[in-house]
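One letter stands for each residue in the lines below.
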Amino acid sequence: MRFNPYLTFNGNCEEAMNFYKAVLNGEFTSLMRFSEAPAGVMQVPESANNLIMHCTLEFEGCTLMASDTLEEHFAQGNHASLTINVNDAGKAETLFNGLLDGGKAIMPFADAFWGGKFGMLTDRFGIQWMLTSDH
């Protein structure tokens, strides 16, 4: 069994996933636009044809998936966070700072009372992240 987070964006999925690809040093294994769906399968306005129907980003054995959604189905929320656990504190801090670019720190990346280091942020796309290291 695998558990894969799936993010939904309001028209900026491609920008967000390219940002995550750069920060996380990943690669797209799938990227499909609404215009690529077989005729009659998806009914979207012509203005949505170039939006992302599905994208899969693979990095270091992890998978992050995402798509755009039509505005009437989009709701921004803070009920979930994506978490990355890294053994190396330096690498975790580098990822934290990369994701923070254009975003806002909720908790700066610093020593945690339970050991290791921890930080929380909301990135420029409104997605909440938690970065932690064991050391």
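Check the entry above for the structure.
These numbers come from a predicted model, not from an experiment. The residue numbers shown here count from 1 along each chain, following its written sequence. The model is predicted, so local features are restricted to residues of pLDDT at least 70 and side-chain atom pairs to those at 80 or more, both for listing and for counting; the totals for chains, interfaces and linings are taken over all residues. The basis for every side-chain value is the complete set of heavy atoms in the structure, and neither hydrogens nor water enter the calculation.

(A) Seen up close, the packing of aromatic side chains. Side-chain rings of Phe, Tyr and Trp, where Trp is taken by its six-membered ring, are said to pair if the distance between their centres is within 6.5 Å; with planes under 30 degrees apart they count as stacked, over 60 as edge-to-face, and otherwise as tilted. Per the counting criterion, the structure on display carries eight aromatic pairs. Between Phe 96 and Phe 109 the ring centres are 5.7 Å apart and the planes differ by 40°, which places this aromatic pair in the tilted class. Remark: Phe 109 occurs in strand β6 (residues 104-111) and Phe 96 occurs in helix α2 (residues 89-100); sequence separation between them is 13 residues. Across this residue pair, the class does not change: Phe 96 and Phe 109 are buried. Among the aromatic side chains, those forming a connected cluster through ring pairs are Phe 9, Phe 19, Tyr 20, Phe 125 and Trp 129. A run of H or I in DSSP counts as a helix once it spans at least four residues, and a run of E counts as a strand once it spans at least two, with each numbered from the N terminus. Only protein chains enter the calculation, and the probe is 1.4 Å; a residue is then buried if its accessible area is under 20% of its type maximum, exposed if over 50%, and partly exposed in between.

(B) Broad picture of the packing of helix α1 (residues 13-24) against α2. Between α1 and α2, the shortest axis-to-axis distance is 9 Å and the interhelical angle comes to 155°. It follows that α1 is roughly antiparallel to α2 by the angle criterion. Of the two elements, α1 crosses α2, and the hand of that crossing is right-handed. Note on element contacts: α2 touches α1 through Leu 95, Gly 98 and Leu 99, opposite Phe 19, Tyr 20, Val 23 and Leu 24. Under this scheme, a helix contributes an axis fitted over its contacting stretch, all axes are lines through C-alpha atoms, and angles between N-to-C directions fall in the 0 to 180 degree range. We call two directions roughly parallel when the angle between them is under 35 degrees, roughly antiparallel when it is over 145, roughly perpendicular when it lies between 65 and 115, and oblique otherwise. Take the far helix as the reference: if the near one is turned anticlockwise from it by less than a right angle, the crossing is left-handed, and if turned clockwise, right-handed. By definition in these notes, contact holds between two residues if any of their heavy atoms fall within 4.5 Å.

(C) How the structure looks around the nonpolar core. For this analysis, a nonpolar core means a set of buried residues of the types Ala, Val, Leu, Ile, Met, Phe, Trp, Tyr and Cys, connected via side-chain atoms within 4.5 Å. Phe 9, Tyr 20, Leu 24 and Trp 129 are the most contacted members of the largest nonpolar core, which has 28 residues in total. Put simply, the parts of the chain that give this core at least two residues each are β1 (6-9), α1, β3 (52-59), β4 (62-68), β5 (81-86), α2 and β8 (128-133). In terms of residues, this core owes the most to one element, α1, which gives seven residues.

(D) Representation of α2 within the structure. To estimate the expected span of a helix, count its residues, drop one, and scale the result by 1.5 Å. If you check α2, its first and last C-alpha atoms are 16 Å apart, about what 12 residues at 1.5 Å a residue would give, namely 16 Å. Of the surrounding secondary structure, the elements contacted by the buried residues of α2 are α1, β5, β6, β7 (117-122) and β8. Two or three places before Gly 90, at the opening of α2, Asp 88 has a side-chain oxygen 3.2 Å from that residue's backbone nitrogen. Among the residues trailing α2, Gly 102 stands out with phi positive, at a value near 80°. Polar contacts here mean pairs of N or O atoms no more than 3.5 Å apart (in protein, one a potential hydrogen donor and the other a potential acceptor; neighbouring residues in sequence count only if both atoms are side-chain atoms).

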